[in-house]
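Residues per chain are reported as follows:
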Amino acid sequence: MTGRGGWPLTVILTPEGKPFFAGTYFPKVARKDSPSFMDVLKQINQAFKTEPQAINDSANKLLEEINKPIEIEKKIEFGGHFPAPSAIMNALKGYADSANGGYGKAPKFPHFSFYEWGCEQILEGMIPKEQGQHLVETIERMMMGGLFDHAKGGMHRYSTDDKFLVPHFEKMLYDQAGLLKVLSKVCQFYPSPLMFDGILQTIDYLRTEMISDEGYFFSSQDADSEGTEGLYFTYSKEEFEASFESAPPEQKIKLDQYLGIFNITEKGNFEHGLNVLSLNPALKQQYYTQDGWQEIREIRGRLLEQRKMRMPPATDRKGISGWNYMVLSALADVVQYCPIDVIQNEALGLIQQTVEGCIKEFILTDTDSGRHVLRHTNTLDDQPLYFEDYVSFSEAQLRLFEVTGNETFKKNALDAIDFTLKNFLKDGVFHTTALTKKSSGIFNLPAPLFDQSYRSSAMTFVHLLSRCSVLNPELAPEVVLGDKYAQLPQFILTNPIGHGEGLRAMTYPQAIFRKIEVPVGWLQRPEFIEMRSHFFSRFVMDYHTRTDESYQICTRNSCEVQGTGLEKFQELFKMKDKTENA
C-alpha cells in the first residue's frame, strides 16, 4: 500500500476484520513527512462515520488484491532443474559490498538462510573459491562487528550501517537459530576461533538468559534499557579502560592496542559518547593468534562482568512454538556438523534441557478432535493452528532423530508432516493457518516463499519433503505440489538473497537425495560421529536396531549400496572422496 515495509506495522480493520488501511510508523508528533498517529486515527474515524461504503469498498478491493496469486513478470531461462550455485553467485556479484561484506546498503540484515546455502554449497565443492570468499568474509565481518554481542554472545536484529558495526540491539530467538546453523557449517572449512567461540557464546546466552523455568525458550529481548536503546550493550572509553584494572600486567601495557582492536574512542561510535563493542577487521593479524585470542576472551569476560551491574533490557517471556523448534533444529546442526566434540556436547546438553519443556508447553490435546495439536504461543488459549509451527516442529523432530537415533522423534516428524499436508495444503499452495476451523477468519494468506524476518516455512517444508521422500516416496514435493512445484524456481530466482531457504530447497536435484541406514549403536562410535559432519541435507540418517552391523544407502526407489561393518562403511566414503578429488 505504501511501497515500502517496516515496523511497527499499523493496520486498521472494519468490525468484520477486513483491513482497509495500513502504514508504517506514525510518530507521536507530526513531522514534515508524516502525520502523527492521533491525526491518522482522527481522519480515519471521520471517514468511517461519513463514508462507510467507501471504506467497505476499499477493504473488499484490498482483500481481492491480497488473495491474487503472485505472478512472475519475466521468466528466467536456465538449463537443467535449477541454475548451478556458481551461476547464482555470479549473478549477485554486482550487488556484493566488497568493502564491508554483505550485499547492498544499510540497513543490513543477516540473511542466514542465504549464507547457510552458500556454506553448504562451498562444502559440496559447487562454489569456486573466488566466489565463496565473499561469503566467508561477510560472515566474519558480521561476527567481528557490533551485530554480534561480543560480551555475552548472540546476534542482534540487524545493522543500521554498512559495516555491521551499529546494530538495532533487539535480540530475537529465531536469529540465534539462524546464526547457529550458519556457524555450524562455516566452521568446517573456516575453523576460526571467532566462529567456534560464536557458537559457544550463543549457546551460553541461550542457556543462561533465554530459558524459562518450564524449559522452553523465551522469544526475544528488548533493545532498550532505562529508556535508552543500546545502553546495556555499549561502553564509554572510561568503562572499557576500567575493565583492565583487574587485567594481568601483560594486558595492561597493551591497553592502547586493545582500544584500537575493539574500536573504542573517546567520541564513541554510537550515541552519547558510547561505543559498540566490535573487533577491527584491519587488525585481525594482531589477535588471530593463540595468545591474542585468549586475551580477547579474557577482555570479553571482564566486560561481561562489568555489564552484569547494569539494568538489563526486558525479556519477552512468552514462548512461540515455531521459534523454539527452530532453535532445536539449529542445535542438532551443531551436534552433527561442528567438528569440536566439546561444542557438540554443549549443544546436546541444551537440547536435553529444553526438548521436554517444549513438548509440555506447546503440544495440547484438541478438545473437539482429541488429537494433539501445536499451539502457536503459550500466552493465548484460543488460537489458530499455524503452518510455520508445524514445519518447524516436523523439521526439528527429524533432525533430533538423526542425531540421537530415538525412533519417537522420527514418528513425530512423519505424523506432523502428514497432518500438515492434510490441513494446510490446497491446490499446491501452503497456507498460513489451518484450512479447517480455528483459521484466521476473514482470509488465510498463502505462506510466503521468501524469507522475511526468518526463513520461509513454505520452502523449509519443500526441502523437508525432499529429504523425507527417501523414507516415503509419496512425500516427494513434485508429487505433493503438482504443477506448482515447477513454478518455484522462478519465484526464487527473482531475488536469491531473499530466497535463501528456497535455494536450499531447490538447488539439489531430487535424484540426489539418499537415505543412509546404519545400526543405531554406531552413534556411540567416535569413528561414525566424526563422519556425520560430511552428510549434508541431501542425506537422511536412518537407524535400525537389528543385531547385525549392516548398512545400506538408498534412493527413493532402491538401495544401491549395501554392506556390513563400520570399517567397510568408512572405506566406502574414503574411496568416494579420492574419486571426487581426482
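Residues numbered from 1 in each chain as written. Predicted model: local features only at pLDDT ≥ 70, side-chain atom pairs only at ≥ 80, totals over all residues. Heavy atoms only, no water.

A few words now on the overall build of the chain. The secondary structure content of the chain amounts to 22 helices and 17 strands. Since a compact globule built from 582 residues should have a radius of gyration of about 25 Å, the 25 Å found for the chain is in line with a globular shape. Its C-alpha atoms put the chain at 75 × 75 × 50 Å along the principal axes. A separation threshold of at least 6 residues defines the contact pool for the chain, and within that pool the share at least 24 residues apart is 66%. When the accessible surface of the chain is totalled, it reaches about 26,800 Å², and 53% of it is carbon and sulfur. Charge centroids of the chain, computed over 61 positive and 77 negative side chains, lie 2 Å from each other. (Helix = DSSP H or I, 4+ residues; strand = E, 2+ residues; numbered from the N terminus. Rg over C-alpha atoms; globule rule 2.2 N^0.38 Å. Contact = heavy atoms within 4.5 Å. Areas by Shrake-Rupley, 256 points an atom, 1.4 Å probe, with all protein chains shown as cover. Lys, Arg positive; Asp, Glu negative; His and termini not counted. Charge placed at Lys NZ, Arg CZ, Asp CG, Glu CD.)

A word on the side chain of Arg307. Locating Arg307 in the fold gives a position in helix α12 (residues 290-307). Among the residues examined, Arg307 registers a relative accessible area of 1% and is labelled buried. A distance of 2.9 Å separates a polar atom in the side chain of Arg307 from a polar atom in the side chain of Asp149. Not counting residues up to four positions away in its chain, the partners in contact with Arg307 are Asp149, Ala151, Lys152, Tyr232, Phe233 and Tyr235. (Buried < 20%, exposed > 50% of the residue type's maximum accessible area, 1.4 Å probe, protein only. Polar contact = N/O pair within 3.5 Å; in protein donor to acceptor, adjacent residues only side chain to side chain.)

This paragraph deals with the environment of Pro519. Following the sequence through the fold, Pro519 ends up in strand β14 (residues 514-519). The sequence separation of Pro519 and Glu73 amounts to 446 residues, and the corresponding C-alpha distance is 51 Å. The contact partners of Pro519, leaving out residues within four places of it in the chain, are Tyr543, His544, Asp548, Glu549 and Ser550.

Moving on, we come to the sheet that holds strand β9 (residues 315-316). One open sheet accounts for 3 strands, arranged β5-β6-β9; its pairing is antiparallel. Edge positions in the open sheet fall to β5 (171-172) and β9, since each of these has one partner strand only. Here 2 bridges tie strand β6 (residues 220-221) to β9, and the two strands are oriented antiparallel to one another. Bridged to Ser220 within β9 is Asp316. (Pairing = 2+ DSSP bridges.)

Of all 6 residues in strand β15 (residues 539-544), 6 are buried, a share of seventy percent or more. Going residue by residue along β15, you find Phe539, Met541 and Tyr543 tucked away on one face and Val540, Asp542 and His544 tucked away on the opposite face as well. Across 6 bridges, β14 lies against β15 in parallel orientation. From the neighbouring strand, Arg514 faces β15, where its bridge partner is Phe539. One crossover worth recording links β14 to the parallel β15 by way of helix α21 (residues 526-531), and it is right-handed. (Right-handed = clockwise from strand over helix to strand, strands pointing away.)

Aromatic rings considered in pairs are described by the distance between their centres and by the relative angle of their planes. Taken as a whole and judged by the stated rule, the model has 41 aromatic pairs. Measuring from centroid to centroid gives 5.1 Å for Tyr325 and Phe393, while their planes differ by 90 degrees, and the two rings are edge-to-face. Of this pair, Tyr325 sits in helix α13 (residues 321-337) while Phe393 sits in helix α15 (residues 387-404), and the two are 68 residues apart along the sequence. The two residues Tyr325 and Phe393 agree in class, both being buried. Here a set of aromatic residues connected by ring pairs shows up, and it is made of Trp522, Phe528, Phe535, Phe539, Tyr551, Phe569 and Phe573. Against the face of Tyr205 rests Lys171, its NZ or CZ located 4.0 Å from the ring centre. The positively charged end of Arg302 is found above the aromatic ring belonging to Phe244, 5.1 Å away from the centroid. (Phe/Tyr/Trp six-rings, centres within 6.5 Å; stacked < 30°, edge-to-face > 60°. Lys NZ or Arg CZ within 6 Å of the ring centre and 35° of its normal.)

Here we come to α15. One full turn of an α-helix is made of 3.6 residues, so residues set three or four places apart face in the same direction. In this model α15 runs 26 Å from its N-terminal to its C-terminal C-alpha over 18 residues, within 8% of the 26 Å that 1.5 Å per residue would give. By the criterion of burial, α15 is predominantly enclosed, with 17 of the 18 residues buried. Directly beyond the C-terminal end of α15, a positive phi value near 80 degrees is found at Gly405. (Expected span 1.5 Å × (residues − 1).)

To continue, consider the side chain of Ser329. Mapped onto the secondary structure, Ser329 falls in helix α13. Relative accessible area serves as the criterion here: at 1%, Ser329 is assigned to the buried category. For Ser329, the residues in contact, after removing those within four places along its chain, are Ser392, Glu395, Ala396 and Arg399.

As a further point, take the environment of Asp162. With respect to the secondary-structure elements, Asp162 resides in the loop between β3 (158-159) and β4 (167-168). Residue Asp162 is classed as partly exposed on the basis of its relative accessible area of 25%. On a C-alpha basis, the gap between Asp162 and Ala99 in space is 9.2 Å, while along the polypeptide they are 63 residues apart.

What follows deals with the pattern of salt bridges. One pass over the full model with this rule turns up 41 salt bridges. Between Arg546 and Glu517 there is a salt bridge, with its nearest N and O atoms 3.5 Å apart. Taken as a pair, Arg546 in the loop between β15 and β16 (550-554) and Glu517 in strand β14 lie far apart in primary sequence, 29 residues in all. Here Arg546 falls in the partly exposed class, since its relative accessible area comes to 43%. Taking the relative accessible area as the measure of exposure, Glu517 reaches 10% and is therefore buried. Among the ionic pairs, Asp548 bridges to Arg546, the shortest N-O distance being 3.3 Å. (Salt bridge = Lys/Arg side-chain N within 4 Å of Asp/Glu carboxyl O.)

Between helix α3 (residues 85-92) and helix α4 (residues 112-123), whose axes approach to 11 Å, the crossing angle comes to 130 degrees. Viewed along their axes, α3 and α4 adopt a mutual orientation that is oblique. Relative to α4, the crossing made by α3 is left-handed. Two secondary-structure elements touch here, α3 through Pro85, Ile88, Met89 and Leu92 and α4 through Phe114, Trp117 and Gln121. Class assignment for the residues of the contact of α3 with α4 results in 6 nonpolar, 1 polar and no charged. (Axes fitted to C-alpha atoms, helices over the stretch in contact; angles between N-to-C directions. Parallel < 35°, antiparallel > 145°, perpendicular 65-115°, else oblique. Left-handed = near helix turned anticlockwise from the far one by under 90°. Nonpolar A, V, L, I, M, F, W, Y, C, P; charged D, E, K, R; others polar.)

Here the focus is the confidence of the model for the chain. Fine structural detail should not be taken from predicted coordinates in areas where pLDDT scores are low. For the chain, the mean per-residue pLDDT works out to 94, and 98% of the residues sit at or above 70. Every residue in residues 577-582 scores below 50 in pLDDT, and together they form 0 contacts with partners more than four places removed in sequence or on other chains. (pLDDT = per-residue confidence, 0-100.)

Looking now at the nonpolar core. The nonpolar side chains of a soluble globular protein tend to be buried, and buried together. The biggest cluster of nonpolar side chains holds 138 residues, and the ones touching the most others in it are Phe430 and Phe569. Once you skip the residues sitting within four places of it in the chain, Phe430 turns out to touch Phe387, Leu421, Phe424, Leu425, Pro446, Ala447, Ala458, Phe461, Val462, Leu465 and Leu481. Val166, Phe169, Phe233 and Phe270 belong to the second-largest nonpolar core, a separate cluster that totals 8 residues. (Core = buried A, V, L, I, M, F, W, Y, C linked by side-chain atoms within 4.5 Å.)

Taken as a whole, this structure holds 1 disulfide when the rule is applied. What pairs with Cys554 in a disulfide is Cys559, and their sulfur atoms sit 2.0 Å apart. Judged by the torsion about the S-S bond (85 degrees), the Cys554/Cys559 disulfide is right-handed. In this structure Cys559 comes out as partly exposed when scored by relative accessible area, which is 36%. Between Cys338, a free cysteine, and Cys187, which holds the nearest cysteine sulfur, the sulfur-to-sulfur gap is 4.0 Å. A relative accessible area of 1% means that Cys338 is categorised as buried. (Disulfide = S-S within 2.5 Å.)

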